[in-house]
Amino acid sequence: MTPVRPEFAPDASLSRSEMEQLQRDLAETAVFEDEFDFDPAAVRAESSDSEQVQLGQTTGQAETVDSEPPVVAGVDQAFAADGEKAVSAIVASRGGEVIERVHAVEPVEIPYIPGLLSFLEGGAILSAFEALSVEPDLAVVDGSGRIHFRQAGIATHIGVMLDLPAVGVAKNLLCGRPRESLDGYLPEGARVAIEADDSVTAPEGTVIGHAYQSRQYDNPEKRHVNPLYVSPGHRASADTATDLVGRLCAGYKLPEPTRLADQFADEMKADVGD
DNA sequence: GCGACAG
DNA sequence: ATCTTGTCGC
């Protein structure tokens, strides 16, 4: 698919202040509330036999069409050639079934700067989306969305440019303040709101995402897992973004679309010449 | 000056 | 993100 808002292209030749201004403009365009063309409750991480039966039955065409799970695009990056090439991988799946995999390789133009990640990886991701044939309903991007200084993390950048519902899934917290301490043991399924503090361009206290415990061990003393940081990218609220990620997890810390893209990115990286 | 920082 | 062996725990 092609960008609907090309004016927001993550041009790596922009000055730092121009990049930051572009992000502020991007955040103005971003929609941090649910705006889907699909039923979020129909999103699933794994395929089920019952669905196969339904699709095969002759119980009304409209019904069978509606029962088709939304297409989710998992997006992840890897770097090759000593960090000089950015490899972006997208794995599209429907109800857990992989339906397409594409990738793109672009030269790395700038170093990693916290807050400006989309200018490092955005180009490769958009190239990969150009190569994608299917129309995804949702994108799950590695990195933050609204949990960002200017509310325009990479998930927001990609979502707005493609006008595609997107959620960001990060392994570390970029900014914001957890409503409750995350030091203690969080049981599986727990979510803690991440609020805007003075480092974020949003009213103090605005919920910009959640710390989400997608996986946890039973014994708090022996071993524990760190939570995921989920935030709206575009056309999704913080609550629904976390609901969606929860539905996309299948026993592992990371949601399935991310794991699939992660794996494919590694394969393509080796292909390019690790 | 100090602190803080996705991938 | 990436560089890397073994090792602890379920």
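What counts, and where the lines are drawn
- Residues numbered from 1 in each chain as written.
- Chains lettered and ligands numbered in written order.
- Predicted model: local features only at pLDDT ≥ 70, side-chain atom pairs only at ≥ 80, totals over all residues.
- Heavy atoms only, no water.
- UniProt positions renumbered as here; feature names shortened; annotations may be inferred.
- Helix = DSSP H or I, 4+ residues; strand = E, 2+ residues; numbered from the N terminus.
- Buried < 20%, exposed > 50% of the residue type's maximum accessible area, 1.4 Å probe, protein only.
- Contact = heavy atoms within 4.5 Å.
- Axes fitted to C-alpha atoms, helices over the stretch in contact; angles between N-to-C directions.
- Parallel < 35°, antiparallel > 145°, perpendicular 65-115°, else oblique.
- Left-handed = near helix turned anticlockwise from the far one by under 90°.
- Nonpolar A, V, L, I, M, F, W, Y, C, P; charged D, E, K, R; others polar.
- Pairing = 2+ DSSP bridges.
- Near = heavy atom within 4 Å.
- Polar contact = N/O pair within 3.5 Å; in protein donor to acceptor, adjacent residues only side chain to side chain.
- Core = buried A, V, L, I, M, F, W, Y, C linked by side-chain atoms within 4.5 Å.

Here's the deal with the UniProt feature "site: Interaction with target DNA" (unreviewed entry) in chain A
In the numbering used here, UniProt assigns the feature "site: Interaction with target DNA" (unreviewed entry) to Y112. Turning to its location among the elements, Y112 is positioned in the loop between β3 (97-107) and α4 (118-131). With a relative accessible area of 52%, Y112 lands in the exposed category. Leaving out residues up to four positions away in the same chain, Y112 has contacts with L117 and L120.

Examining the packing of α4 against helix α5 (residues 154-162)
Interhelical geometry of α4 versus α5 gives an angle of 40° and a closest axis separation of 10 Å. One element, α4, and the other, α5, form an angle in the oblique class. α4 and α5 meet at a crossing whose hand is right-handed. Taken together, the residues of α5 that come into contact with α4 (itself represented by S118, F119, E121, G122, I125, L126 and F129) are I154, H157, I158, M161 and L162. Residues of the contact of α4 with α5, tallied by class, amount to 8 nonpolar, 3 polar and 1 charged.

A closer look at the pairing of strand β8 (residues 207-212)
With 5 of 6 residues buried, β8 is to be regarded as a mostly interior element. As paired strands, strand β7 (residues 191-195) and β8 are joined by 5 bridges and run antiparallel to one another. Residue pairing for β8: I194 is matched across the bridge by G209. As judged from the 3 bridges shared by β8 and strand β9 (residues 228-234), these two strands associate in the antiparallel manner. Bridged to H210 within β9 is V230.

Description of the packing of helix α1 (residues 16-29) against α5
Between α1 and α5, whose axes approach to 10 Å, the crossing angle comes to 60°. Read as a crossing pair, α1 and α5 show a hand that is left-handed. Residues L22, L26 and T29 of α1 pack against T156, H157 and V160 of α5. Classifying every residue of the contact of α1 with α5 gives 3 nonpolar, 3 polar and no charged.

A short note on the protein's contact with DNA strand C
Lining the immediate surroundings of DNA strand C are 7 residues, of which A78, F79, K171, R223 and K269 lie closest. K171 places a polar side-chain atom, nitrogen or oxygen, 3.0 Å from a phosphate oxygen of DNA strand C. Contacts to DNA strand C include K269, whose side-chain N or O atom sits 3.3 Å from a phosphate oxygen. When the residues that make up the surface near DNA strand C are grouped by side-chain class, the tally is 2 nonpolar, 1 polar and 4 charged.

Let's talk about the nonpolar core
Judged by nonpolar contacts, the single largest core of 36 residues is most densely connected at I90, F129, I158 and L162. Going through the elements one at a time, α1, β1 (71-80), β2 (85-94), β3, α4, β4 (138-142) and α5 are the ones with two or more residues in this core. Discounting residues that sit within four places of it in the chain, I158 has contacts with G122, I125, L126 and F129. Listed in part, the 18 residues of the second largest apolar core include L138, V167, V169 and L228.

A short note on the protein's contact with DNA strand B
As a matter of local geometry, DNA strand B sits amid 17 residues, with Y112, G115, D142, K171 and N172 nearest to it. Put simply, 51% of the atoms of DNA strand B that lie within 4 Å of the protein are in sugar or phosphate. S144 places a main-chain nitrogen or oxygen 3.1 Å from a base nitrogen of DNA strand B. N172 has a polar side-chain atom sitting 3.0 Å from a phosphate oxygen of DNA strand B. Its residues assigned to classes, the surface near DNA strand B comprises 9 nonpolar, 5 polar and 3 charged.

Observations regarding the side chain of S231
Looking at the element boundaries, S231 is found in strand β9. Exposure remark for S231: the relative accessible area of 0% places this residue in the buried category. Among residues more than four places away in sequence, those in contact with S231 are S144, G145, R146, I147, V167, G168, I208, G209 and A241.

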